[in-house]
Structure formats: C-alpha cells, structure tokens
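# Residue-level structure breakdown
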Amino acid sequence: MAKIIVDPVTRIEGHLKLEVEIEDNVVVDAWTSGTLWRGMELIMQGRDPRDAEQIMQRICGVCPTAHATAGILALDDAMGIEPPPNGRIIRNLIFGSNYLQSHILHFFHLAALDYVKGPDMAPFKPRYEADYRLPADINAQAVDIYLEALTIRRKAQEMLAIWGGKMPHVQAIVPGGVSEVPNTSKIYKFLAYLEEIQTFIDTKYIPTVKAVAGVYSDWFSIGAGCQNFLCYGGFPQEEGLDHVKKKKFFDSGVYVRGQYKELDIGLITEEVTHSWYADDTGGNTPDVAVVTADAKKKGAYSWIKSPRYNGEAMEVGPLARQWIAKNPDVLALGDKAFSVMGRHFARAIETSQIAKAMKEWALQLQPGQPVCTPHELPKKEVVGVGLCEGSRGALGHWHRISSDGRTMVYNAVVPTTWNSGPRTGSGAATVRGPMEEAIVGTRVADPSNPVELVRIIRSMDPCYGCAIHVMTPNKKTISQFAIN
Ligand code: NI
C-alpha cells in the first residue's frame with residue numbers, strides 16, 4: 001500500500017500534515033495532524049479574566065475578531081451582563097467585516113489557484129499542475145479578480161477599523177459592549193466601504209465561484225465528509241442572556257445522521273484518544289477540560305484534540321451554517337451540497353448575505369445612545385461560555401473564573417479543531433475527523449501530484465502553512481517540492 005504525505009499543506013492558515021494510504025489510486029485511510037502546540041489557554045491561567053479578549057485573539061492574525069468575540073461573550077456570560085443595542089450592533093459590524101475579508105481571502109488567495117491557472121511566475125508558482133479547465137478568457141478575468149481581491153480585502157480591514165480601532169487585534173470590544181461610539185460620519189464612511197465590497201462580492205466573487213463550479217461540476221461529488229453539521233449560531237439580533245436561544249442571524253442547531261436537532265452544548269466533549277495529551281484529560285466537557293501535553297503518547301498523531309457532539313464528529317463552517325439555516329439554494333443541491341464545491345458555493349452566497357445584513361445593521365445604530373453596560377467581576381466561582389460563528393465555523397470559549405477574580409480554566413474549541421481533529425475510538429468504533437472522512441475514498445490520479453487532496457482540505461478553509469514528501473510503499477521519499 002502506498003502512502004502520500006503532504007507536510008505541511010500550503011495555502012491554508014497554519015501548519016497541517018496530511019498522511020494518506022492509497023490502494024489502486026484511491027485513498028483508503030487518512031490522518032490529519034496538527035503539528036504545532038501553542039498552549040494559548042495556559043497563558044490565561046491565573047490572570048485577570050478581563051485580559052482574555054486581548055490575549056486570546058492573538059491565537060490568530062487572520063481570525064482574531066472571532067476569538068475576541070468568543071472571549072468577550074464568555075466574559076459577558078460570566079458576569080451576567082448584556083451589551084445595549086449599539087454595542088451588540090457594533091460587535092456584529094466588526095465581526096461581519098472580518099467575515100467578508102476572510103471569505104474573499106479564502107476563495108481567491110488560498111483556494112482559487114487549485115482551479116485558476118495563474119501566470120508562470122510568483123506568487124502563482126510553484127504549484128501543483130492541476131487539470132485547469134476554465135476557458136482562457138474566464139481564467140484571465142479570474143486572475144485579474146485575484147489581484148483586485150487584495151485591494152478589496154484591505155478595504156474590508158479599513159472598514160473594520162472604523163469600529164474596531166485597528167486590525168488585526170481589535171481594541172474596541174470590551175465586556176458589556178464596545179468602546180467605540182457611533183456617529184453619522186462613521187456610519188456613512190462604513191456604508192461607503194460596504195457598498196464597494198458588496199459590489200465586488202456580487203459581480204466578481206460569486207460569478208467566479210459559479211464559473212469554477214460550472215466546469216468543475218464533478219467536485220460536487222467529491223469530499224463529502226461526515227455529513228453531520230454543528231452551528232452555535234452567530235450575530236445576535238436581540239438582547240437576552242440565553243446565548244444559545246436568543247435570535248441570531250445564523251441559527252444555532254445541529255444536523256446529525258440526517259436529522260435536524262436543537263443544539264445542546266452539554267453534549268460537547270473533547271477527546272484525546274489520538275492526540276498528544278494525557279489520556280485522563282479526554283472525554284470532558286470544555287468547562288473542565290485541561291491540557292496536559294504528552295508528546296510521547298503512543299498512538300497519538302496530532303496536537304489537535306477531537307471535539308465530539310454526543311460522540312459524533314461534526315463539520316462546522318459556512319456549509320454547516322447554510323444547511324442548518326435551510327438555505328433553499330444550498331438545500332436544492334441535495335447530497336451534492338456535501339462536497340468540495342458545495343462548501344465553496346455556501347461560503348460565497350453567505351458572504352453576500354452578510355454584507356447585505358450589515359447595511360441594515362449599520363442603519364440601526366443610534367448615535368448618542370450607550371454602547372456599553374457597566375460590569376464588575378463576580379465574587380464567586382463562575383463559568384462563562386462564549387459561543388459564536390467564526391468565518392471558519394463554530395467557535396466556543398469556556399472560561400472558569402475563581403471567586404477571587406482569577407482565570408482558573410480557559411478552553412477554546414475552535415472550528416478547525418472540529419473539522420481537522422484526529423480520529424477517536426479504535427477498531428470498528430473508530431470515528432475519523434470530518435476532514436479525514438472527506439478525504440477517504442478520493443481518487444488521486446497522480447500520487448506525485450496529489451492536487452485532489454489539497455482541494456478537499458482547502459474547501460474546509462482550515463486555520464493551521466511548504467514542502468511535500470511523496471513516499472513509495474517502502475516509505476522512501478521519491479520527491480519533495482515546495483508549493484505556494
Ligand atoms: Ni485562525
């Protein structure tokens with residue numbers, strides 16, 4: 001049996017190693033491995049819990065607003081406070097701006113070069129030699145849009161900074177709301193940026209995805225994965241202390257084995273069967289889960305834990321959100337939604353949806369009204385839970401605070417942990433992670449050029465960065481090359 005190792009996978013965020021076994025050019029098993037350990041949560045232990053929003057958003061320079069949001073929602077929850085409407089809306093505008101930037105980044109600058117042939121020069125080379133199928137004129141347009149998307153992303157960041165102060169690592173999100181005060185000038189400036197970005201999404205991004213989907217329609221049948229979806233819900237649309245049940249732009253919910261159900265966060269556990277953490281830290285709910293690294297653990301192959309929902313592997317992200325929201329355009333795809341192209345399609349239409357909604361939200365701001373609710377740390381031990389939808393999927397922060405106002409346990413369960421965690425169980429009871437499951441069964445036409453595998457990985461927009469080792473059955477490296 002031959003083995004392909006891609007380590008690290010490129011044009012994704014961070015570091016992922018993929019190892020697959022192939023038989024007659026078909027993947028029979030797959031292992032995704034997070035190869036870095038950061039231990040961010042340990043930095044929080046013993047600190048003033050109000051540092052969480054600033055420290056935890058340093059997890060990532062691409063999606064810091066997601067961690068700022070989850071971190072602050074956990075603090076709001078722990079303190080039993082709720083932002084006034086202006087605070088809720090400005091948080092949504094900050095987070096939404098980052099969605100637009102992140103989704104455009106993902107399609108054009110991470111995934112598109114799997115389908116769009118750039119000029120034979122950097123940054124378009126080196127690359128896998130994919131089966132480029134776009135007609136020459138459409139391909140040339142797509143390359144132009146690739147370049148225009150860089151400018152649009154900068155504008156999305158500038159738009160975000162109107163409310164967030166700066167990007168990355170916003171300053172304005174604080175317990176109980178925000179520190180930025182709305183005025184008419186900021187609102188109009190924001191709307192002008194939004195108009196230009198919305199036009200790009202509707203006239204460039206979505207048509208490019210549709211053109212790619214048209215000529216790569218076979219990719220609606222590749223990379224199905226576990227077909228279980230989880231969504232915490234995101235962008236609150238009303239005030240209320242029940243963070244799961246309050247009205248949100250994205251509904252919370254799960255889709256398990258073909259059934260839609262309400263989300264019950266009590267069913268979430270973190271497993272470490274094949275992760276480099278001590279065995280006795282597995283199987284716990286995130287509010288008590290601790291990290292004890294065990295780099296020599298037998299049978300482990302990843303620094304990522306495996307979140308499970310009632311024991312099930314769950315895919316998160318734009319496709320999960322749109323499937324749970326029963327978006328008619330996504331439901332109309334039927335089983336073809338569970339695919340590489342289904343994920344790109346769901347992400348693209350979601351980008352337009354959010355941009356449209358942000359215009360309405362901005363117009364709901366009320367200059368002169370409060371942006372923040374006063375707060376104080378509780379004088380007893382409390383657990384705060386912050387659930388939101390990052391651009392890449394369901395993100396939760398669990399924050400246990402001691403009676404003397406110090407962080408005891410901090411736990412971030414991130415979208416890529418859901419999507420790219422290792423398998424759990426063993427033998428017949430093995431449950432592969434969603435990304436592993438999506439890769440198994442894939443036909444790899446040329447094992448020395450395994451573009452199919454990275455197309456599947458990139459469709460899930462994981463956040464982990466370039467060399468590829470392709471090995472023969474006797475594990476001898478036959479080629480090694482760098483990919484952008
Ligand atoms: Ni990230």
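The text that follows walks through the structure, step by step, so that each part is easy to find. Treat the numbers as computed from the prediction; the structure is a model and nothing was measured.

Scoring rules and cut-offs
- Each chain has its residues counted from 1, running along the sequence as written.
- Owing to the predicted nature of the model, reporting of local features is limited to residues with pLDDT of at least 70; listing and counting of side-chain atom pairs is limited to 80 or more, with chain, interface and lining totals taken over all residues.
- Remark: hydrogens and water are excluded; side-chain values derive from all non-hydrogen atoms of the structure.
- The numbering of helices and of strands both runs from the N terminus, where a helix is a DSSP run of H or I of at least 4 residues and a strand a run of E of at least 2.
- Whenever two N or O atoms come within 3.5 Å, that pair is a polar contact, provided that in protein one can donate a hydrogen and the other can accept it, and provided that, for residues adjacent in sequence, both atoms are side-chain atoms.
- Two residues form a contact once any of their heavy atoms are found within 4.5 Å.
- Here a strand pair is declared whenever DSSP counts at least two bridges between the two strands.
- Paired rings are identified among Phe, Tyr and Trp, the last through its six-membered ring, by centres lying within 6.5 Å, and are further divided according to the angle between planes into stacked (under 30 degrees), edge-to-face (over 60) and tilted (the rest).
- Two conditions define a charge sitting above a ring: the NZ of Lys or the CZ of Arg must be within 6 Å of the ring centre, and it must be within 35 degrees of the ring normal.
- Axis angles are defined between N-to-C directions and span 0 to 180 degrees, where every axis is a line fitted to C-alpha atoms and, for a helix, only to the segment in contact.

## Observations regarding the side chain of Asp48
- One can find Asp48 in the loop between helix H1 (40–44) and helix H2 (52–56).
- There is a polar contact of 2.8 Å between the side chain of Asp48 and the side chain of Arg50.
- Ignoring any residue separated from it by four or fewer positions in sequence, one finds Asp48 in contact with Leu377, Gly405, Arg406 and Thr407.

## Remarks on the pairing of strand E2 (residues 16–23)
- Sheet topology note: the strand E1 (residues 2–6)/E2 ladder contains five bridges and is antiparallel. Directly across from Ile5, in E2, lies its bridge partner Glu19.
- Sheet analysis places E2 next to strand E3 (residues 26–34), joined by eight bridges and oriented antiparallel. Counted as the bridge partner of Glu23 is Val26 from E3.
- Counting the residues that bridge the hairpin from E2 to E3 gives two residues, and of these Asp24 lies at a positive phi of roughly 50°.

## A look at the packing of aromatic side chains
- One pass over the full model with this rule turns up 24 aromatic pairs.
- Taken together, a centroid distance of 5.9 Å and an interplanar angle of 55° make the contact between Trp163 and Phe190 tilted. Highlighted residues: Trp163 in helix H5 (residues 136–164) and Phe190 in helix H6 (residues 184–215), separated in sequence by 27 residues.
- Among the aromatic residues, those joined into a cluster by ring pairs are Phe95, Tyr99, Phe235, Phe249, Phe250 and Trp361.
- In this arrangement the basic side chain of Arg321 is found over the ring face of Phe250, its NZ or CZ atom lying 5.1 Å from the centre.
- Positioned over the ring face of Tyr260 is Lys326, at 4.3 Å from the centre of the ring.

## Considerations on the sheet that holds strand E14 (residues 393–401)
- Here three strands make up an open sheet; going across it, the order is E13-E14-E15 and the pairing antiparallel. Bordering the open sheet on either side are strand E13 (382–390) and strand E15 (407–413), each of which pairs with just one other strand. Between one strand axis and the next, the sheet turns through 10° on average, direction left out of account.
- Where E13 meets E14, nine bridges bridge the pair, whose relative direction is antiparallel. When the bridges of E14 are listed, Val382 appears paired with Ile401.
- Most of the contacts of helix H3 (residues 64–79) go to E13, to which it runs at about 145°, and overall it touches E13, E14 and E15.

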